[in-house]
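# Coordinates in review
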Amino acid sequence: MDTSKVHGNVKPFRCPGYKQASSPSFSPDACRCPHWHHLALKSGCAGLILLLLSLIGLSVLGRSAILECPRYWHPHWNKCLFVSQISRPWAEGRDACSMEDAILLLIENKE
């Protein structure tokens with residue numbers, strides 16, 4: 001394996017009469033945006049903030065809405081439950097619920 005190093009001296013090619021361009025100098029006002037750009041940016045940011053606050057407000061209102069159940073019904077886990085004091089066969093209970101536009105609850109555990 002050859003471990004010798006090769007060094008080279010690279011110089012930029014220059015044409016006769018070539019002048020390196022200097023960086024352009026700008027006036028202090030050249031990089032400034034027009035006044036309406038600043039106004040558009042500020043109003044856009046204000047609009048986004050209002051939109052975000054509205055979204056947060058609507059989500060809070062939607063979650064904190066109180067569930068209103070019909071008379072003699074009880075709210076439970078975002079549902080309305082009616083506990084009947086009458087014992088009857090399951091099919092009759094299902095039919096009674098159907099007349100109230102409800103469904104018969106099937107309890108599967110103590111919770």
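As named in an unreviewed UniProt entry, the protein is Killer cell lectin-like receptor subfamily B member 1F, taken from Mus musculus.

### Some thoughts on the packing of aromatic side chains
With the rule as written, the count across this model stands at one aromatic pair. Taking 5.5 Å as the distance between ring centres and 40° as the angle between the ring planes, the aromatic pair formed by Trp73 and Phe82 counts as tilted. When its relative accessible area of 22% is taken as the criterion, Trp73 is described as partly exposed. For Phe82, a relative accessible area of 45% puts it in the partly exposed group.

### A closer look at the state of the cysteines
A complete count under the given rule lists one disulfide for this structure. Shown here is the disulfide that connects Cys69 with Cys80, its sulfur atoms set 2.1 Å apart. Its S-S torsion of about -85° marks the bond between Cys69 and Cys80 as left-handed, since a negative value means left-handed. Here Cys80 lies in strand E2 (residues 79-81) and Cys69 lies in the loop between helix H1 (35-64) and strand E1 (74-76), a separation of 11 residues in the sequence.

### Describing the pattern of salt bridges
In this structure the tally under the stated criterion is one salt bridge. The closest approach of N and O atoms between Asp95 and Arg94, which form a salt bridge, is 3.5 Å. A relative accessible area of 40% means that Arg94 is categorised as partly exposed.

### Quick notes on the confidence of the model for the protein
With 68% of its residues at a pLDDT of at least 70, the protein reaches an overall mean of 77. Ranking the helices and strands of the protein by mean pLDDT puts helix H2 (residues 90-99) first, with 89, and H1 last, with 84.

### Here we look at unusual backbone geometry
With a phi close to 50°, Trp77 is a non-glycine residue in the positive phi region. Mapped onto the elements, Trp77 comes out in the loop between E1 and E2. We note that Asp101 has phi near 60°; this positive angle belongs to a residue other than glycine. Note on placement: Asp101 falls in the segment after H2. The exposure class assigned to Asp101 is exposed, which follows from its relative accessible area of 74%.

### Looking at a nonpolar patch on the surface
A contiguous nonpolar surface patch, about 700 Å² in accessible area, is contributed by Ile49, Leu50, Leu52, Leu53, Leu55, Ile56 and Val60. Mapped onto the secondary structure, Ile56 falls in helix H1.

### Here's the deal with the environment of Trp90
Considering the arrangement of structural elements, one finds Trp90 in helix H2. Residues Trp90 and Leu104, 14 residues apart in the sequence, show an inter-C-alpha distance of 8.6 Å.

Conventions used here
Residues numbered from 1 in each chain as written. Predicted model: local features only at pLDDT ≥ 70, side-chain atom pairs only at ≥ 80, totals over all residues. Heavy atoms only, no water. Phe/Tyr/Trp six-rings, centres within 6.5 Å; stacked < 30°, edge-to-face > 60°. Buried < 20%, exposed > 50% of the residue type's maximum accessible area, 1.4 Å probe, protein only. Disulfide = S-S within 2.5 Å. Helix = DSSP H or I, 4+ residues; strand = E, 2+ residues; numbered from the N terminus. Salt bridge = Lys/Arg side-chain N within 4 Å of Asp/Glu carboxyl O. pLDDT = per-residue confidence, 0-100. Patch = residues over 30% accessible without salt bridge, like charges linked within 9 Å, V, L, I, M, F, W, Y side chains within 5 Å. Areas by Shrake-Rupley, 256 points an atom, 1.4 Å probe, with all protein chains shown as cover.

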